[in-house]
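Close look at the chain arrangement
Residue-level listing of the chains:
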Amino acid sequence: MIAPLREKFNADWTPANYARLFAHLEARCGEGVQFRHCETPCFFPAELIDRMSRYGAEIVQQLLGNQQYMADSEQAIPEKWRVPNEAAAPLFVQADFGLDQNLEPKLVEIQGFPSLYFYQPALADAYRAAYQLDPDLAALPGGLSTTDYYRLMRDAIIGTHDPENVVLTDVDPGGQKTRHDFLTTEREIGVRAVDIRSLIKRGNRLFHLRDGLETPVHRIYNRAIVDEMERRAIQLPFDFRDDINVEWAGHPNWFFRLSKFSLPYLNHPAVPGAQFLDQAGLVEHPEQYVLKPLYSFAGAGVIVGPTTEQIAAVPPEQRSGYLLQERVDFRPVVDTPAGVDKVEVRIMYVWRDGLQAVNTIIRMGRGTQMGVDFNKGMDWVGASAGFIQA
């Protein structure tokens, strides 16, 4: 994105530097990483990241101010997963953007759910150290300092509690590809990852075993994906509908409220048009759309440029759970020795008297999507970090 930085990086790149990236990550996380990391970080002008950050905040504010959307999205929460005492706004928001042919940011999707808030700083530090990047390049948006970033995250996740009474929950956290984020979360703020199935319910309270001792849970930083729990038929020791005496760091209802379900309600220049499949009628040019299940994760079930037959194959009773979104051909913008990559930028927010953009996640690829399955066998693709030039 910034030609002089890109040209210098490509000219100076060596396999030894790339190996040092993984050595730094292993030292920071305590074990080697298991998914593909791009050979390069991305370099962005501050104006572009600021614009994406502003767009994401505008989109969320538009939704929160839409009474019809708020009523409809409440009904979109499945009864089985409807949690009492919902927060008035999402604590965590992720807004994913690509760049169209005019280099304008276009929303891919938005989520009211946490992401890799602690792994991304570790990854940025590893790129900076391995490649000896200019220390004046910022890794956080809006001039946010590292000290303030960790303070914000500590306040959002722990609040006023002791870290031993706060848990990060997932299904089999040690087996997740994102476990390095869990490890760095514990290292930075003392909150441990626990299997959501291991929680103990007594009356209206929850407990977890910490160092062999039954310890009260006062706050849950939930990372367990409903889609995975449904698919694996996970049996939980409590019911999400129970009125449990616990706080949620990121209320689970916002996983459903702020999601692909939101897209048809948006009217913003950064948002491609979208409609629910059951309301779409005859689709004359399906190749101009993307077919998406509403609550899948990591691109599962997404079809870019579906055929008429693929659309028709969605059963009538499931069509309200699918979305047709106008297809945007994202422009390759990062010149690498293996080819020109497309880039997807996730702006990560925390709600503090409104949304504050606090970090980014970068995905690079040359396939139809950014996921691993769409970029197999390629070099200079995968997970990355963004550096911002003022």
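Below you will find a few notes about this structure. (Residues numbered from 1 in each chain as written. Predicted model: local features only at pLDDT ≥ 70, side-chain atom pairs only at ≥ 80, totals over all residues. Heavy atoms only, no water.)

Before going further, it helps to spend a moment on the overall build of the protein. Counting secondary structure elements, the protein contains 10 helices and 19 strands. In terms of C-alpha radius of gyration, the protein reaches 21 Å, essentially the compact-globule figure of 21 Å for 390 residues. Principal-axis analysis of the C-alpha atoms places the extent of the protein at approximately 65 × 55 × 40 Å. A buried classification covers 53% of the 390 residues belonging to the protein. Long-range pairs, those at least 24 residues apart, make up 74% of the contacts in the protein between residues at least 6 apart in sequence. Of the roughly 17000 Å² that the protein leaves accessible, carbon and sulfur atoms contribute 48%. (Helix = DSSP H or I, 4+ residues; strand = E, 2+ residues; numbered from the N terminus. Rg over C-alpha atoms; globule rule 2.2 N^0.38 Å. Buried < 20%, exposed > 50% of the residue type's maximum accessible area, 1.4 Å probe, protein only. Contact = heavy atoms within 4.5 Å. Areas by Shrake-Rupley, 256 points an atom, 1.4 Å probe, with all protein chains shown as cover.)

On to the sheet that holds strand β7 (residues 205-210). Read from one edge to the other, the open sheet built from three strands follows the order β6-β7-β8, with strand pairing classed as antiparallel. Sheet topology places β6 (200-202) and β8 (213-217) at the edges, where each strand pairs with a single neighbour. Across the sheet, the axes of successive neighbouring strands diverge by a mean angle of 40°, strand direction being ignored. Of the strand pairs in this sheet, β7 and β8 are connected by five bridges, and their pairing is antiparallel. For L206, the partnering residue across the bridge sits in β8 and is V217. (Pairing = 2+ DSSP bridges. Axes fitted to C-alpha atoms, helices over the stretch in contact; angles between N-to-C directions.)

Below, the discussion takes up helix α6 (residues 146-157). In a regular helix each residue adds 1.5 Å, so 12 residues correspond to 16 Å; α6 covers 17 Å between its end C-alpha atoms and thus fits that length. Among the residues of α6, Y149, Y150, L152, M153, A156 and I157 are the ones counted as buried. The buried residues of α6 occupy an angular sector of 155° when the element is viewed end-on, so they sit on one face. A positive backbone phi angle near 65° is found at G159, which sits one or two residues after α6. (Expected span 1.5 Å × (residues − 1). Arc of directions from axis to C-beta.)

What follows concerns the pairing of strand β5 (residues 192-195). As defined by bridge partners, strand β4 (residues 166-170) adjoins β5 across four bridges and the pair is classed as parallel. Within the sheet, the bridge partner assigned to D170 lies in β5 and is D195. Considered for its hand, the β-α-β crossover made up of β4, helix α7 (residues 179-189) and β5 is right-handed. (Right-handed = clockwise from strand over helix to strand, strands pointing away.)

Their axes nearest at 8 Å, the elements helix α2 (residues 15-29) and helix α5 (residues 119-131) cross at an angle of 140°. As judged from the angle between their axes, α2 and α5 are oblique. The hand of the α2/α5 crossing is right-handed. Here N17, Y18, R20, L21, H24, L25, R28 and C29 of α2 come into contact with α5, specifically with Y119, P121, A122, L123, D125, A126, Y127, A129, A130 and Y131. By residue class, the composition of the contact of α2 with α5 is 13 nonpolar, two polar and three charged. (Parallel < 35°, antiparallel > 145°, perpendicular 65-115°, else oblique. Left-handed = near helix turned anticlockwise from the far one by under 90°. Nonpolar A, V, L, I, M, F, W, Y, C, P; charged D, E, K, R; others polar.)

Applying the stated criterion across every chain, the model contains 21 aromatic pairs. On the numbers, 5.2 Å between centres and 50° between planes, the contact of F92 with Y117 is tilted. Here F92, found in strand β2 (residues 92-99), pairs with Y117, found in the loop between β3 (105-111) and α5; they are 25 residues apart in sequence, far enough to count as distant. Across this residue pair, the class does not change: F92 and Y117 are buried. Note on F261 and Y265: the rings are 5.6 Å apart at their centroids and 35° apart in plane angle, and the pair reads as tilted. There is no split in this pair, since F261 and Y265 are both buried. What links up through ring pairs into an aromatic cluster is the set F9, F43, Y127 and Y131. (Phe/Tyr/Trp six-rings, centres within 6.5 Å; stacked < 30°, edge-to-face > 60°.)

A separate point is the pattern of salt bridges. Applying the stated criterion across every chain, the model contains 27 salt bridges. One salt bridge connects R54 with E58, and the closest N-O pair in it is separated by 3.3 Å. Taken together, the residues span about one helical turn, with R54 and E58 both in helix α3 (residues 46-64) at a distance of four residues. You can call E58 partly exposed: its relative accessible area is 32%. (Salt bridge = Lys/Arg side-chain N within 4 Å of Asp/Glu carboxyl O.)

Within the element layout of this structure, T169 appears in strand β4. When its relative accessible area of 0% is taken as the criterion, T169 is described as buried.

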